[in-house]
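Structural description and commentary
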Amino acid sequence: MTDYRHILVAVDFSAATEQLCTRASDLAQRYAARLSLVHVVEPVVIGPAYDMLPELPFDVEEELRTRAEAKLAELAGRYAIEPADAQVLNGLTKGAILEHAEANGVDLIVVGSHGRHGVGLLLGSTANAVLHGARCDVLAVRIRE
Ligand code: AMP
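Below is a short write-up of the structure. Since this is a predicted model, take the numbers as computed values, not measurements. (Residues numbered from 1 in each chain as written. Predicted model: local features only at pLDDT ≥ 70, side-chain atom pairs only at ≥ 80, totals over all residues. Heavy atoms only, no water.)

1. So, helix H2 (residues 60-78)
Compared with the 27 Å implied by 1.5 Å per residue over 19 residues, the 27 Å span of H2 between its first and last C-alpha is a close match. Turning to H2, its buried residues are Ala68, Leu72, Leu75 and Ala76. Along H2, the residues classed as buried sweep out an arc of 95 degrees about the axis, all on the same side. For H2, exposure combined with an orientation more than 90 degrees from the buried face picks out Arg67 and Gly77. Buried-residue contacts for H2 involve helix H1 (17-31), strand E2 (34-41) and strand E3 (86-90). A positive phi of about 55 degrees marks alanine 80, the residue just after H2. (Helix = DSSP H or I, 4+ residues; strand = E, 2+ residues; numbered from the N terminus. Expected span 1.5 Å × (residues − 1). Buried < 20%, exposed > 50% of the residue type's maximum accessible area, 1.4 Å probe, protein only. Arc of directions from axis to C-beta. Contact = heavy atoms within 4.5 Å.)

If you want it as structure tokens, here you go:
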């Protein structure tokens, strides 16, 4: 087996994030691999049923992105990850993670077995989708409640 050279951790800022980053950082050290972080902000869709909502005084997606950038930068600092290797992406989570991984020569994607969705399932929906769609190895770190 060849060594991993670029490990990407997909983080959703749930309670398991620290566990994921610690595991991935440990692997990156063993393989002397580059370590990257990614978080995806999905489009916020407000349907016709919400016509009566007053116009919000800020752009929700932009606000989520700004907050995610701050959290990701803080996480990157703690794990000695280059700022350029900690990116917030806009899009649908599965596709954005996979595209980013392919475009950046990632050979191992690390996800939690569960995040904000899918507790009670064997694998959460994102973990499952990444596992099925990835062209590289995927490590689903077992998240225990
Ligand atoms: P889920 O399958 O959605 O319960 O989440 C499982 C794992 O997918 C999480 O532990 C994260 O590793 C990853 N994940 C979920 N949502 C996101 C997101 N918005 N951005 C990046 N990674 C995510």
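2. With respect to a nonpolar patch on the surface
A surface patch of nonpolar side chains, amounting to about 400 Å² of accessible area, comprises Val44, Ile46, Leu53, Leu56 and Leu64. Residue valine 44 is classed as partly exposed on the basis of its relative accessible area, which comes to 36%. (Patch = residues over 30% accessible without salt bridge, like charges linked within 9 Å, V, L, I, M, F, W, Y side chains within 5 Å. Areas by Shrake-Rupley, 256 points an atom, 1.4 Å probe, with all protein chains shown as cover. Salt bridge = Lys/Arg side-chain N within 4 Å of Asp/Glu carboxyl O.)

3. With respect to the sheet that holds E2
Spatially, the five strands line up as an open sheet ordered E3-E2-E1-E4-E5, and their pairing is parallel. Single-partner strands in this sheet number two, and they are E3 and strand E5 (137-141). Ignoring which end each strand starts from, the neighbouring axes of this sheet average 25 degrees apart. As defined by bridge partners, strand E4 (residues 108-112) adjoins E5 across five bridges and the pair is classed as parallel. Paired with valine 111 across the strands is alanine 140, a residue of E5. Most of the contacts of H1 go to strand E1 (residues 6-10), to which it runs at about 180 degrees, and overall it touches E1, E2, E4 and E5. The strands that helix H4 (residues 125-133) touches are E4 and E5; relative to E4, the one it contacts most, it runs at about 160 degrees. (Pairing = 2+ DSSP bridges. Axes fitted to C-alpha atoms, helices over the stretch in contact; angles between N-to-C directions.)

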